[in-house]
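Structural description and commentary
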Amino acid sequence: MNVVPLHACNDGEGAVPLTGAGNWTWLIPGRVPTLIDAGVGLPRHLDALESALRGVRLANVLVTHGHSDHASGAAAVAVRMPEVRFLKMPWPERDHRWPVSWERIGDGDRIEAGEGALTAIHTPGHAPDHLCFWDARSRTLFGGDLLIDGSSVSIPATRGGDLGAYLASLERVLALDPVRVLPAHGRVIDRPAVLLRASIARRRERERQILELLAPGAIDLDAIVTRLYAGLRESLVPHARDTVLAHLLKLERERRAARDGEAWHIMEP
Ligand SMILES: [Zn+2]
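Definitions and limits used
Here the residue numbers are simple positions, counted from 1 along each chain's written sequence. In view of the model being predicted, local features appear only for residues whose pLDDT reaches at least 70, and side-chain atom pairs are presented and counted only at 80 or more, with totals across whole chains, interfaces and linings using the full set of residues. Computation of side-chain values covers all heavy atoms of the structure but excludes hydrogens and water. Stacked, edge-to-face and tilted are the three classes for Phe, Tyr and Trp ring pairs, Trp counted by its six-membered ring, which pair at centre distances within 6.5 Å; planes under 30 degrees apart are stacked, over 60 edge-to-face, the rest tilted. Buried, partly exposed and exposed residues are distinguished by accessible area as a fraction of the type maximum, computed with a 1.4 Å probe on protein chains only: under 20%, between the cut-offs, and over 50%, respectively. Secondary structure elements follow DSSP: runs of H or I no shorter than four residues count as helices, runs of E no shorter than two count as strands, and numbering proceeds from the N terminus. Our definition puts a charge over a ring when NZ of Lys or CZ of Arg is within 6 Å of the ring centre and also within 35 degrees of the ring normal. In the cavity and pocket records, a cavity denotes points on a 1 Å grid over the protein atoms alone where a 1.4 Å probe fits but cannot get out, a pocket denotes an open set with protein on both sides within 12 Å along at least 5 of 7 lines, and lining residues are residues with an atom within 4 Å of a point. Grid points are joined across faces, edges and corners, and a volume is the space filled by probe spheres set on the points. Basically, the charged four are Asp, Glu, Lys and Arg, the nonpolar ten are Ala, Val, Leu, Ile, Met, Phe, Trp, Tyr, Cys and Pro, and anything else, Gly included, counts as polar. For this document, the term salt bridge refers to a Lys or Arg side-chain nitrogen within 4 Å of an Asp or Glu carboxyl oxygen. Axis geometry follows a simple rule: fit a line to the C-alpha atoms, using only the stretch in contact for helices, then measure angles between N-to-C directions, giving values from 0 to 180 degrees. Any angle that is under 35 degrees is reported as roughly parallel, and any over 145 degrees as roughly antiparallel; angles of 65 to 115 degrees are reported as roughly perpendicular and all others as oblique. The hand of a helix crossing depends on one turn: near helix anticlockwise from the far one by less than a right angle means left-handed, and clockwise means right-handed. We call two residues in contact whenever any of their non-hydrogen atoms come within 4.5 Å of each other. Note: two strands are recorded as paired if DSSP finds a minimum of 2 bridges between them. The definition of a polar contact used here is a pair of N or O atoms within 3.5 Å, where within protein one atom must be able to donate a hydrogen and the other to accept one, and adjacent residues in sequence count solely through side-chain atom pairs. The rule for donors is simple: N, O or S, within 2.8 Å of the metal, or within 3.2 Å if the metal is Na, K or Ca. Water isn't counted, so a site may look like it is missing partners. Domain segmentation is taken from an automatic or database assignment of domains. Throughout, buried area stands for the accessible area (probe radius 1.4 Å) lost by two parts on being put together, summed over both.

Here we look at the packing of aromatic side chains
- Considering all chains together, one arrives at two aromatic pairs under this definition.
- Relative to tryptophan 26, the ring of tryptophan 24 lies with its centre 6.2 Å away and its plane at 35°, an arrangement referred to as tilted.
- Classification of tryptophan 26 as buried rests on a relative accessible area of 7%.
- Ring centres 6.0 Å apart and planes at 80° place the aromatic pair phenylalanine 86 and tryptophan 102 in the edge-to-face group. Of this pair, phenylalanine 86 sits in strand β5 (residues 85–88) while tryptophan 102 sits in strand β6 (residues 102–104), and the two are 16 residues apart along the sequence. Summarising the burial analysis for this pair, phenylalanine 86 and tryptophan 102 share the class buried.
- The ring of tryptophan 102 is capped by lysine 88, whose NZ or CZ atom sits 5.9 Å from the centre of that ring.
- Over the ring of tyrosine 229 we find arginine 206; its NZ or CZ atom is 4.7 Å from the centre of that ring.

Notes on empty space enclosed by the protein
- Enumeration according to the criterion identifies one cavity of 30 Å³ or more in this entry.
- Volume-wise, the largest cavity comes out at about 40 Å³.
- Leu147, Ile148, Ser151, Ser152, Val153, Tyr166, Ser199, Arg202 and Arg203 together form the lining of the largest cavity.
- With three residues, the single largest contributor to the lining of the largest cavity is helix α6 (residues 192–214).
- Along the lines of polarity and charge, the residues of the lining of the largest cavity split into four nonpolar, three polar and two charged.

With respect to the pattern of salt bridges
- Counted by the stated rule, this structure contains 19 salt bridges.
- The partner of arginine 259 in a salt bridge is glutamate 252, with the nearest N and O atoms 3.3 Å apart.
- Connected through salt bridges with shared partners, the residues Glu207, Lys250, Glu254 and Arg256 form a single ionic network.

Some remarks on the packing of helix α7 (residues 221–228) against helix α8 (residues 237–253)
- Viewed as axis vectors pointing N to C, α7 and α8 meet at an angle of 110°, and their least axial separation amounts to 10 Å. Between α7 and α8, the angle falls in the class roughly perpendicular. As α7 packs across α8, the resulting crossing turns out to be right-handed. Listed contacts from α8 to Leu221, Asp222, Ile224, Val225 and Leu228 of α7 are Ala240, Arg241, Val244, Leu245 and Leu248.
- A per-class count over the contact of α7 with α8 returns eight nonpolar, no polar and two charged.

Here's the deal with the sheet that holds strand β3 (residues 34–36)
- The strand order across the open sheet built from six strands is β1-β2-β3-β4-β5-β6, with neighbouring strands paired in mixed fashion. Either end of the sheet is taken by a strand with one partner, and the two such strands are β1 (4–7) and β6. When the angles between neighbouring strand axes are averaged without regard to direction, this sheet yields 30°.
- Relative to β5, strand β4 (residues 60–62) runs parallel, the two being bridged by three bridges.

Structural notes on the side chain of histidine 65
- Within the secondary structure, histidine 65 is located in the loop between β4 and α2 (68–71).
- Residue histidine 65 is classed as buried on the basis of its relative accessible area, which comes to 0%.
- At a separation of 3.3 Å, a polar atom in the side chain of histidine 65 contacts the side chain of histidine 126.
- A polar contact of 3.2 Å, which involves the side chain of histidine 65, links it to the side chain of aspartate 145.
- In this view, histidine 65 contacts Asp37, His70, Ala71, Lys88, His126, Ala127, Asp129, His130 and Asp145; residues no more than four positions away in its chain are not counted.

Here's the deal with the coordination of the zinc ion
- Here the zinc ion is held by the protein donor atoms His65 (NE2), His67 (ND1), His126 (NE2) and Asp145 (OD), which lie 2.1 to 2.2 Å from it.
- Along the chain, the residues donating to the zinc ion are arranged with the sequence spacing H-x1-H-x58-H-x18-D.
- On the basis of relative accessibility, which here comes to 12%, the residue histidine 67 falls in the buried class.

Observations concerning the layout of surface pockets
- Its volume calculated, the second largest pocket comes out at about 270 Å³.
- Secondary structure elements with two or more residues in the lining of the second largest pocket: α6 and α8.
- A per-element tally of the lining of the second largest pocket places α6 first, with five residues.
- For the lining of the second largest pocket, a count of residues per class yields five nonpolar, six polar and four charged.

Side note on the domain arrangement of the protein chain
- For the protein chain, the assigned domains are domain 1 (4–191) and domain 2 (204–266).
- Between domain 1 and domain 2, the residue contacts involve twelve residues of the former and eleven residues of the latter.
- Across the interface of domain 1 and domain 2, roughly 950 Å² is buried in total on both sides, 66% from carbon and sulfur atoms.
- In this structure, arginine 253 and aspartate 162 form a salt bridge, with 3.5 Å as the shortest nitrogen-oxygen distance.
- Class assignment for the residues of the side of domain 1 that touches domain 2 results in seven nonpolar, three polar and two charged.

Laid out in structure tokens, this is it:
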């Protein structure tokens, strides 16, 4: 499959800490020219998109999820390219922020792209509406924020993140056995199974550490964060807090932990 990486150019000043070096979007040229993710609408990104299209009209923008660094650029794309269709899985609390008319797609949908077709794979966890796009012929997965090489994906428990769902999504993608993952952040992932297994193992290890901290008696969320992330940069503390909360909520759902007000404790089997 022919794919052109186009950086969203959002790595400069004002980039939020979690997007780091900014976002990749992916152009699939061919019969149905398709862009994976919209970026943030910066003119330099749109210029690069136009020149990569070489005068051909872009047909579709498939958006992996409703976070602003993936979806907010849709409005600017729509202004420059009024015929483009925008497709994503609905996230009603979010989608109204991006004023284009979204066409609804969901798990298992087959969407023509380039010279072939992609299948939408619902992979919630990082966000409830998260889709990956699978090209079965080349065994390539457009991964969105499912996997980042060298960094752990945020699971924002207070904003739609769900760790149990995330682990199930990783397992599901592992079962697809992709040969490469084209992510929205960071390097292309050429041996995805290695990173998928490592990500699952890292979350399991984190869970074990949290259970260990809960074992001696009740402990509150902030104390767990302090113990697990000693010396963390102040700006990243809310993110760490949300990640730990995601673990606790997973354990609570599995009836392995419970809370009394602010204090968390282990549930005996
Ligand atoms: Zn995201």
